[in-house]
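# Examination of the molecular architecture
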Amino acid sequence: MAEKKTTKKTAAEPKKTTVKKTATTKKVAVALNTENVGFKAGDVYQALAVAAQAMSVDEIAKAAGISVEETLLGIGWLFKEGKIASVEENKITLA
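First things first, this report covers the structure right here in the doc. (Residues numbered from 1 in each chain as written. Predicted model: local features only at pLDDT ≥ 70, side-chain atom pairs only at ≥ 80, totals over all residues. Heavy atoms only, no water.)

## Observations concerning the packing of helix α2 (residues 57-64) against helix α3 (residues 68-81)
With their axes 9 Å apart at the nearest point, α2 and α3 run at an angle of 105° to one another. Regarding the angle of α2 to α3, the classification is roughly perpendicular. Across from Val57, Asp58, Ile60 and Ala61 in α2, the residues of α3 making contact are Val68, Thr71, Leu72 and Ile75. For the contact of α2 with α3, the class distribution of residues is six nonpolar, one polar and one charged. (Axes fitted to C-alpha atoms, helices over the stretch in contact; angles between N-to-C directions. Helix = DSSP H or I, 4+ residues; strand = E, 2+ residues; numbered from the N terminus. Parallel < 35°, antiparallel > 145°, perpendicular 65-115°, else oblique. Contact = heavy atoms within 4.5 Å. Nonpolar A, V, L, I, M, F, W, Y, C, P; charged D, E, K, R; others polar.)

Quick look at the structure:
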């Protein structure tokens, strides 16, 4: 006669759990000095000049290849210099 093998589950066996990883946002470190902010303003200006049309902050950041935070720094610099003509419907136009 064939014997049946039996296995007992013990209470000490750990249950399998899955760990769900959440997406983390990448923080952008921006050096706040006049040279860096001036370069970002130049990047913003060039992106707007090449496009020759009003652009949103996200569009400028993408065209200039810089972060949104750096784009906002550059826009602030250009506002101070009087290089921004208008901001209508969240789109920025050069003077």
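That covers the picture; the talk isn't over yet.
## What to know about the nonpolar core
Soluble globular proteins tend to bury their nonpolar side chains together. With twelve residues, the main nonpolar core is built from Ala41, Val44, Ala47, Leu48, Met55, Ile60, Ile66, Ile75, Leu78, Ile84, Ile92 and Leu94. Of all the elements in the fold, those that place two or more residues in this core are α1 (34-51), α3 and β2 (91-94). For alanine 41, the contacting residues outside a window of four places in its chain are Gly74, Trp77 and Leu78. (Core = buried A, V, L, I, M, F, W, Y, C linked by side-chain atoms within 4.5 Å. Buried < 20%, exposed > 50% of the residue type's maximum accessible area, 1.4 Å probe, protein only.)

## Topic: the side chain of glutamate 70
Checked against the element boundaries, glutamate 70 lands in helix α3. Overall, the relative accessible area of 13% leaves glutamate 70 in the buried class. In terms of polar contacts, glutamate 70 uses its side chain to reach the backbone amide nitrogen of serine 67, at 3.0 Å. (Polar contact = N/O pair within 3.5 Å; in protein donor to acceptor, adjacent residues only side chain to side chain.)

## Description of the environment of glutamine 46
Locating glutamine 46 in the fold gives a position in helix α1. Through-space distance from the C-alpha of glutamine 46 to that of isoleucine 60 is 9.5 Å; in sequence the pair is 14 residues apart.

## Concerning the environment of isoleucine 92
Checked against the element boundaries, isoleucine 92 lands in strand β2. The residues touching isoleucine 92, leaving out its near neighbours within four places in the chain, are Leu48, Gln53, Ala54, Met55, Val57, Ile60, Ile75, Ile84, Ser86 and Val87.

## Section: the packing of α1 against α3
What describes two packed helices is the angle between their axes and the distance between those same axes. Closest axis-to-axis distance for the α1/α3 pair is 7 Å, and the angle between their directions is 90°. Viewed along their axes, α1 and α3 adopt a mutual orientation that is roughly perpendicular. Residues Thr34, Val37, Gly38, Lys40, Ala41, Val44 and Tyr45 of α1 touch α3, and the partners they reach there are Glu70, Thr71, Leu73, Gly74, Ile75, Trp77 and Leu78. Of the residues assigned to the contact of α1 with α3, the class counts are eight nonpolar, four polar and two charged.

## Remarks on the environment of asparagine 90
Note on placement: asparagine 90 falls in the loop between β1 (84-88) and β2. Classification of asparagine 90 as exposed rests on a relative accessible area of 66%. Remark: the alpha-carbon pair of asparagine 90 and serine 56, spanning 34 residues in sequence, is separated by 5.9 Å. Not counting the four nearest positions on each side in its chain, asparagine 90 is found in contact with Met55, Ser56 and Val57.

Keep in mind these numbers describe shape, not what the thing actually does.
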